[in-house]
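Observations on the model geometry
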Amino acid sequence: AGSRIQTPCRVGRNQGLRGRIAIERLPQSRDERLTRWIRKLPRPAGVMVCSDQRGPEVLESCRRADVFVPDEIAVVGVDNDEPLCDVANPPLSSVWPNHERVGFEAARVLARWMAGGAPPQIQRVSVRGLVTRSSSAALAIGDRVVAQAMQLIRDRACEGISVDEIARSVAVSRSVLQRRFRALLDRPVSDMLIAARLRRARELLGETDLPLAFIAERAGFRHQEYLGAVFKRQVGQTPGQYRREVRGRP
């Protein structure tokens, strides 16, 4: 910040004089520094930010650095601020603190101290847990081609994207893509597509009253019968059995 570069320039129109102009180099913004730092991280990596409010900044810097989230870098915040986490792109995973318990323990310690007890000591309060969302809900992947393909699977599996279309999008042959998937994930690309579609089908079965034909279409299956066959083979139940079981839970 504040450094100057001296460069020669011609001053005036007819004087033929040589002069020098000082060009001010502006200090880098915090976003630029964060983007540079993210570019230098070894991958795959995980980044935990101090607050959910900082999460969108880190995710945006990952986009500027051309880094795939969560495949190359997973991001986790703190506080589980649901509106903020849900509108982040991708939705932000977050540690869910136990603020109520912290307040209770603080009041108890203060009351004891005011009554003449021992001065307060540091106490540890366990968090409620980690709420996993899309910013960390994937395997860490060091192969950039596989990471890019997995991003396409997450984004477009339910649109019916094919293995050949994925291979063209990541600029490798189908055979190379399959070989990299098997080497890294021990599964073919088609299995990952089906897994993504089944996840969506299970969500729709558990959360909506949509007919099976609509669910099959929205989850990326060609027709209801194909959804039923794949669901039975992979889940061990028919879609109807799964829906009844999920709806019967408290």
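For the structure, see preceding data.
Report follows, based on the coordinates. (Residues numbered from 1 in each chain as written. Predicted model: local features only at pLDDT ≥ 70, side-chain atom pairs only at ≥ 80, totals over all residues. Heavy atoms only, no water.)

The subject of this paragraph is a nonpolar patch on the surface. Among the surface-exposed residues, L110, W113 and M114 lie close enough to one another that they form a single nonpolar patch of about 360 Å² accessible area. Within the element layout of this structure, L110 appears in helix α4 (residues 99-114). (Patch = residues over 30% accessible without salt bridge, like charges linked within 9 Å, V, L, I, M, F, W, Y side chains within 5 Å. Areas by Shrake-Rupley, 256 points an atom, 1.4 Å probe, with all protein chains shown as cover. Salt bridge = Lys/Arg side-chain N within 4 Å of Asp/Glu carboxyl O. Helix = DSSP H or I, 4+ residues; strand = E, 2+ residues; numbered from the N terminus.)

Next up on the list: the layout of surface pockets. The computed volume of the largest pocket comes to approximately 890 Å³. Of all the elements in the fold, those that place two or more residues in the lining of the largest pocket are α2 (55-64), α5 (144-156) and α8 (189-207). The element that contributes the greatest number of residues to the lining of the largest pocket is α8, accounting for eight residues. Put simply, the second largest pocket is a space of about 170 Å³. (1 Å grid on protein atoms, 1.4 Å probe; cavity = no way out; pocket = protein on both sides within 12 Å on 5 of 7 lines; lining within 4 Å. Points joined across faces, edges and corners; volume = space filled by probe spheres on them.)

Across the sheet, four strands lie side by side as β3-β4-β5-β6; this open sheet has mixed pairing. Each edge of the open sheet is held by one strand with a lone partner, namely β3 (45-48) and β6 (129-131). Across the sheet, the axes of successive neighbouring strands diverge by a mean angle of 25 degrees, strand direction being ignored. Two elements, strand β5 (residues 93-96) and β6, share three bridges in a ladder whose sense is antiparallel. Residue V95 lies in a different strand from β6, and its bridge partner there is L130. (Pairing = 2+ DSSP bridges. Axes fitted to C-alpha atoms, helices over the stretch in contact; angles between N-to-C directions.)

The topology assignment puts Q237 in the loop between α10 (224-235) and α11 (239-248). In this structure the side chain of Q237 is engaged in a polar contact, spanning 2.5 Å, whose partner is the side chain of E245. (Polar contact = N/O pair within 3.5 Å; in protein donor to acceptor, adjacent residues only side chain to side chain.)

Now for α10. Here α10 spans 16 Å end to end across twelve residues, near enough to the 16 Å set by a 1.5 Å rise per residue. Taken residue by residue, α10 has L227, V230 and F231 as its buried positions. Angular distribution of buried residues about the axis of α10 spans 105 degrees; they occupy a single face of the element. Facing away from the buried side of α10 by more than 90 degrees, the exposed set consists of E225 and R233. Of the surrounding elements, those touching the buried residues of α10 are α8, α9 (212-219) and α11. (Expected span 1.5 Å × (residues − 1). Buried < 20%, exposed > 50% of the residue type's maximum accessible area, 1.4 Å probe, protein only. Arc of directions from axis to C-beta. Contact = heavy atoms within 4.5 Å.)

One pass over the structure, following the stated rule, counts two aromatic pairs. Ring plane angle 70 degrees and centroid distance 5.7 Å describe the contact between F221 and Y226, whose orientation is recorded as edge-to-face. Of the residues examined, F221 reaches a relative accessible area of 5% and is grouped as buried. Each ring, one from F231 and one from Y242, has its centre 5.4 Å from the other, and the planes form 65 degrees; the classification is edge-to-face. Here the residue F231 occupies a position in helix α10, and Y242 occupies one in helix α11, the gap between them amounting to eleven residues. Of the two residues examined, F231 and Y242, each falls in the buried class. The ring of W96 is capped by R128, whose NZ or CZ atom sits 5.0 Å from the centre of that ring. Its end group placed over the ring of Y226, R222 keeps NZ or CZ at 4.5 Å from the ring centre. (Phe/Tyr/Trp six-rings, centres within 6.5 Å; stacked < 30°, edge-to-face > 60°. Lys NZ or Arg CZ within 6 Å of the ring centre and 35° of its normal.)

It is worth spelling out unusual backbone geometry at this point. Here the bond from V69 into P70 is cis, since omega is 10 degrees, no more than 30 degrees from zero. Topologically, P70 is positioned in the loop between α2 and β4 (73-78). Omega for the bond connecting N89 with P90 falls within 30 degrees of zero, at 0 degrees, which places this linkage in the cis form. Mapped onto the secondary structure, P90 falls in the loop between α3 (82-87) and β5. At D79, a position not held by glycine, the phi torsion is positive, near 120 degrees.

The quantities given are spatial measurements derived from coordinates; they are silent on function.
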